[in-house]
Amino acid sequence: MELGPDGVLTAMAQECVTGGNAAFVSVLRKDRPEAEALTTAVARAHVRGVAVNWAAFYAGTGATRLAPDELAELPTYAFQRQRYWPKVSSLFLGDVAAVGLGEAEHPLLGASAELPSADGMLFTGRLALSTHPWLADHTIMDTVLLPGTAFVELAVRAGDQVGCEALEELTLEAPLVLTEDGGVQLRLWVGAADDTGRRPLELHSRAEHLSAEEPWTRHASGVLASDGAPEAAFELTAWPPADAAEVEVGDRYTELRDVGFAYGPAFQGLRKAWRRGGEVFAEVTLDEETAEEAAAFGLHPALLDAALHALGLAGLGGTETEGRLPFAWTGVSLYASGAATLRVRMAAMGGDGVRLEIADAAGAPVAAVDSLVLRPVSAEQLQSARTAYHESLYRVEWTTAGMVDASGADVATDGRWAALGTDTLGLTTYPDLAALGEAIDSGTALPEYVVVDLAAQARVDAALEGPGAANQACAAIEDMPEGRPGVHSDGAASEGPGAASPARPAFEDRGLGAEPQVSGRGGVGESPAPATTAHQATTQVLGLLQQWLADDRFTDSRLVLLTSGTVATEPGEPVTDPAGAAVRGLVRSAQSENPDRLLLIDLDGHDDAQTAQTAQTALPALPALSALSAVLASGEPEVAVRQGVLKAPRLARAGSAADSEAPEWNPDGTVLVTGASGSLGGLFARHLVAERGVRQLLLLSRRGDQAPGAAELDAELVELGASVRWAACDVADRDALAVCWTTA
C-alpha cells in the first residue's frame with residue numbers, strides 16, 4: 001500500500017513482482033479527489049482479504065450493518081439504473097389502415113391519404129403536450145409554440161412521401177400555440193406537381209375543442225422540389241474549427257430567458273460555440289431522454305433549434321439580447337437522419353439570411369440550409385395568436401337566413417293573421433288583446449299569428465317631411481294599473497259597467513298634429529329623456545307580454561313584434577331607436593323562457609317611403625308583410641331584415657382585433673374616483689398617482705373632504721405630486737354627478 005502523493009512506486013513495483021498473489025494499492029492519486037482515492041484503496045484491500053475496521057470507517061455517518069439475510073437480498077453486481085416500464089410512443093395511433101388511411105410513420109403525424117383527382121397528399125396529425133411533452137420546453141414569452149424547426153421537419157417528411165428530396169422554400173405565417181390542456185389538429189397538404197415537378201404545400205391547424213364551423217389557421221406555406229438535393233460540398237471533420245475562438249456559452253440560456261425565451265431541458269442542447277470572423281460554429285446534443293426519439297425524426301426539431309441559439313453570439317440573425325424566431329427557410333436539404341449530436345457552421349448571407357451547414361458527431365453531412373431568415377417576435381403577436389380562437393369569448397354574428405319574397409304579401413287575406421293597434425299592415429286589426437279576446441269569445445277564429453308593430457309610427461315620422469313632422473301620428477302604449485273603463489280607442493264599449501283590464505296595453509293613433517303622449521310612467525307634453533322613454537317602453541311591453549303569456553286562449557298562437565332600428569347587424573350600422581333596443585332585450589329574455597310563443601323582427605328603413613304612403617293611403621305595407629312570410633319560412637325566432645335579406649343571430653368566437661385594445665393611457669387627464677374615502681378607493685388613488693403618474697384627481701364620497709381620513713389621504717397624494725379636489729356627491733344622483741364632472 002503506497003501512501004505517497006501518487007501511484008509512482010505502485011507502478012514500478014508491479015513490474016518487479018511476479019505471481020498473482022501480490023496486490024499493490026495507491027492511497028492517493030493526483031487526478032482524483034482524496035476521499036474517492038482513499039475509499040477505492042480500502043475497498044481493493046478488502047476484496048484481497050485485508051481486514052478493514054468498517055465500524056471506524058462508517059463512524060458518524062449513520063450507516064448500520066445489515067444482517068446476513070438482508071445482505072442476501074442485495075445484487076452481486078453494481079447498481080444499474082435502467083427504466084423497464086414501456087414507453088408509449090406517439091406513433092401508436094391504432095390501425096389507421098382499417099379506416100382507409102396510410103401510416104405517416106412520423107412522431108408528429110398520424111396518417112396520410114392520397115388525393116387522386118388532385119394528384120396530391122394530405123397528412124393529418126394531432127399535437128398535444130400530453131403526447132409530445134418535449135414541446136413544452138419551447139416556451140416563448142409564456143407561450144408554448146411549435147418550433148419553426150418542426151415545420152421544416154414536417155415539410156421534409158411530406159416531401160419524402162411524394163418523391164421531393166428538397167424543400168425549396170418554407171415561410172412561416174403564424175405561430176402555432178399549444179395549450180396546457182387539449183390538443184391541436186394538423187393538416188399538411190401537398191398539391192399537384194407542376195411541369196418542373198415542384199409541389200406547393202400548406203400546413204393548417206385548429207384546436208380540437210373547436211366546432212367544425214371554426215376556420216383553420218394557416219401557419220406555413222412553401223414549395224417542394226423533385227430535382228434532387230444538391231450534393232453536400234462541406235464536411236466538419238476538423239473539430240474544433242481551426243483559428244476559431246471559443247465563446248463562453250454558460251450563461252446563454254439565462255440571457256435568452258431574460259428576453260422571454262424560456263427553453264427547457266429538451267431544447268438546451270448548446271454545448272460549445274466558436275467564432276471566426278463572420279462565422280459561428282456550434283456543437284449541440286440532445287439530452288438523454290429526448291435522444292431516445294432522435295432515430296424517428298429526419299432531424300429532431302429540438303436539436304436543430306438548439307443550434308440556432310448560438311446565432312446571437314456573433315450578431316447573426318439578431319443580437320445577444322434580442323430573441324428571434326425562424327421566419328423563412330430556403331434550400332433545405334437532408335442527407336442523413338436520426339442524429340443526436342450535431343456540428344453546425346453558420347455564416348451570414350446576403351441581407352438577413354444565414355447559411356447553415358450541419359454535420360454529425362463525426363463531421364459527415366447531415367443537412368444544409370441555403371438561407372434562414374429570422375424575425376423578432378413580440379408579446380402582442382403571441383397574445384393575438386393565443387386568443388384568435390383558442391379559449392376566446394363569443395360574439396353575436398348576423399348571418400343570412402333567407403330572402404324576402406314579395407309574394408308573401410298575401411298574408412293580409414289569410415285568416416291566420418291579426419294585428420293589434422293601428423291598422424298599418426292591412427290585417428284584421430284589434431285595438432288591444434282584450435278586444436281580440438272578446439272577438440274570439442264571440443266566434444271569431446283564433447289567429448295563428450298576432451302582429452304588434454311597435455315601430456309603425458316611428459317609420460312614418462322618419463319618412464314624412466315638413467315642419468312638425470316629429471310630432472305627427474305618434475302611437476302610444478298606455479299602462480294604466482287602475483284599469484281602463486269606458487270606451488276602447490275604436491269606440492267599442494267595455495264589458496259592462498265598471499269593467500277593468502289591469503295593466504292592459506293599448507295602441508292609440510291620436511291623429512296628425514297631436515303631441516307625443518305617453519301615459520302611465522310618462523307624462524303629457526314634450527318627449528321625455530331617452531332613459532325615461534326606454535323605461536316607459538319596456539314597462540308597457542312587459543305588461544303586454546305578461547297578458548299574452550297568461551291568457552290560455554293564445555297558447556297555440558304566436559305574438560309577432562315588429563321593431564325598426566333597434567339592433568346593428570354589422571359594424572357601423574346605426575341604432576336609431578334606443579328605447580326599442582331596450583324592448584328588444586326584454587323580448588329576447590321572454591323568448592328564452594317561452595320558446596315558440598314570440599317572434600321578434602327588426603325592419604330597416606329600406607322601404608320607408610312606401611311605408612309612409614301606406615300609412616296615408618291605408619294600403620297594405622307589402623314589404624313588411626313579405627318579411628313576415630319569409631321569417632315564418634325561415635323558422636328563426638329572431639330576425640333582422642336588411643334590404644330584403646333576412647339575417648339571424650349566431651354565436652361566433654371573437655377573434656382579437658386592434659380595435660379591442662385598451663386606449664392609450666393619458667396620465668395628464670383628470671381621473672374620477674368614487675368612494676374615495678373608503679379603504680379601496682384610497683388604495684386605488686395612491687396607485688394611480690404613484691404607479692401610473694396621474695396628476696389630476698377628482699375624489700368623490702358622500703361627505704367629501706369631511707369624510708374620516710380624507711385630510712390624511714389628501715396630504716399624502718399632494719406629497720406624491722398630485723393635484724386633488726374633493727366633492728361631496730352621491731353617484732346614484734345623476735344630476736349631482738353631472739355637476740361634479742362638468743366642474744372638474
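The structure displayed is predicted, hence computed values, not measured ones.

Enquirer: Break down the overall build of the chain for me, citing the residues and quoting the values.
Expert: The helix and strand inventory of the chain stands at 18 helices and 30 strands. Sorting the 744 residues of the chain into buried and exposed places 42% on the buried side. As presented, the chain carries roughly 39200 Å² of accessible surface, and 52% of it is formed by carbon and sulfur atoms.

Enquirer: Summarise the side chain of Thr538; cite the residues concerned and give the values.
Expert: You can see Thr538 is positioned in helix H12 (residues 530–550). The exposure class of Thr538 is buried, given its relative accessible area of 18%. A polar contact is formed between the side chain of Thr538 and the backbone oxygen of Ala534, at a distance of 2.9 Å. Once residues within four sequence positions are removed from consideration, Thr538 is found in contact with Ala582, Val583 and Leu586.

Enquirer: Can you explain unusual backbone geometry? Please cite residues and give values.
Expert: Residue Pro240 is reached from Trp239 by a cis peptide bond, and omega for that bond is 0 degrees. Structurally, Pro240 can be placed in the loop between strand E9 (217–225) and strand E10 (245–247). One non-glycine residue with positive phi stands out, namely Asp243, at about 60 degrees. Checked against the element boundaries, Asp243 lands in the loop between E9 and E10.

Enquirer: An account of a nonpolar patch on the surface is requested, with residue identities and associated values reported.
Expert: On the surface, Val8, Leu9 and Met12 cluster together into a nonpolar patch covering about 310 Å² of accessible area. Of note, Leu9 is situated in helix H1 (residues 8–16). Note on Leu9: relative accessible area 54%, which makes it exposed.

Enquirer: Tell me what's going on with helix H17 (residues 710–719), and back it up with residues and numbers.
Expert: What H17 keeps buried is the set Ala710, Leu713 and Leu717. Within H17, the buried residues cover an arc of 65 degrees as seen down the axis, which keeps them to one side. Set apart from the buried face of H17 by more than 90 degrees, the exposed residues are Ala711, Glu712 and Glu719. Close packing links the buried residues of H17 with helix H16 (679–692), strand E29 (696–701) and strand E30 (723–728). Positive phi shows up at Gly721, right after H17, with a value of about 105 degrees.

Enquirer: I'd like a description of the sheet that holds strand E4 (residues 138–140), backed by residues and values.
Expert: Sheet strands pair by backbone hydrogen bonding; their relative direction is either parallel or antiparallel. The strand order across the open sheet built from three strands is E5-E4-E11, with neighbouring strands paired in antiparallel fashion. Each of the sheet's edge strands pairs with one partner strand only, and the pair in question is strand E5 (143–144) and strand E11 (261–263). Where E4 lies against E5, two bridges are found, and the strand directions are antiparallel. Residue pairing across strands places Thr139 opposite Val144, the latter belonging to E5.

Enquirer: If you had to explain the sheet that holds strand E28 (residues 670–673) to someone new, which residues and values would you point to?
Expert: The three strands are arranged E28-E29-E30 in an open sheet whose pairing can be described as parallel. Here the strands that pair on one side only, and so sit at the sheet edges, are E28 and E30. Neighbour to neighbour, the strand axes of the sheet diverge by 20 degrees on average, direction disregarded. Bridging between E29 and E30 involves six bridges; their strand directions are parallel. From the neighbouring strand, Leu700 faces E30, where its bridge partner is Ala727. With respect to the sheet, helix H18 (residues 734–742) is in contact with E28, E29 and E30, its orientation differing from that of E29 by roughly 160 degrees.

Enquirer: Quick rundown of the nonpolar core? Include the residues and the values.
Expert: One finds Leu170, Trp329, Leu342, Met346, Leu356 and Ile358 to be the most contacted residues of the largest nonpolar core, which totals 80 residues. Per-element accounting of this core gives the leading share, eight residues, to helix H5 (residues 148–162). The residues that make up this core include at least three from each of domain 2 (102–225) and domain 3 (245–386). Discounting chain neighbours no more than four positions away, the residues touching Leu170 are Phe151, Val152, Ala155, Leu201, Ala220, Ser221, Gly222, Phe327, Ala328 and Trp329. In this structure, Ala418, Leu436, Ala439 and Ala537 belong to the second largest nonpolar core, which totals 25 residues.

About the criteria used
Residues numbered from 1 in each chain as written. Predicted model: local features only at pLDDT ≥ 70, side-chain atom pairs only at ≥ 80, totals over all residues. Heavy atoms only, no water. Helix = DSSP H or I, 4+ residues; strand = E, 2+ residues; numbered from the N terminus. Buried < 20%, exposed > 50% of the residue type's maximum accessible area, 1.4 Å probe, protein only. Areas by Shrake-Rupley, 256 points an atom, 1.4 Å probe, with all protein chains shown as cover. Polar contact = N/O pair within 3.5 Å; in protein donor to acceptor, adjacent residues only side chain to side chain. Contact = heavy atoms within 4.5 Å. Patch = residues over 30% accessible without salt bridge, like charges linked within 9 Å, V, L, I, M, F, W, Y side chains within 5 Å. Salt bridge = Lys/Arg side-chain N within 4 Å of Asp/Glu carboxyl O. Arc of directions from axis to C-beta. Pairing = 2+ DSSP bridges. Axes fitted to C-alpha atoms, helices over the stretch in contact; angles between N-to-C directions. Core = buried A, V, L, I, M, F, W, Y, C linked by side-chain atoms within 4.5 Å. Domains from an automatic or database assignment.

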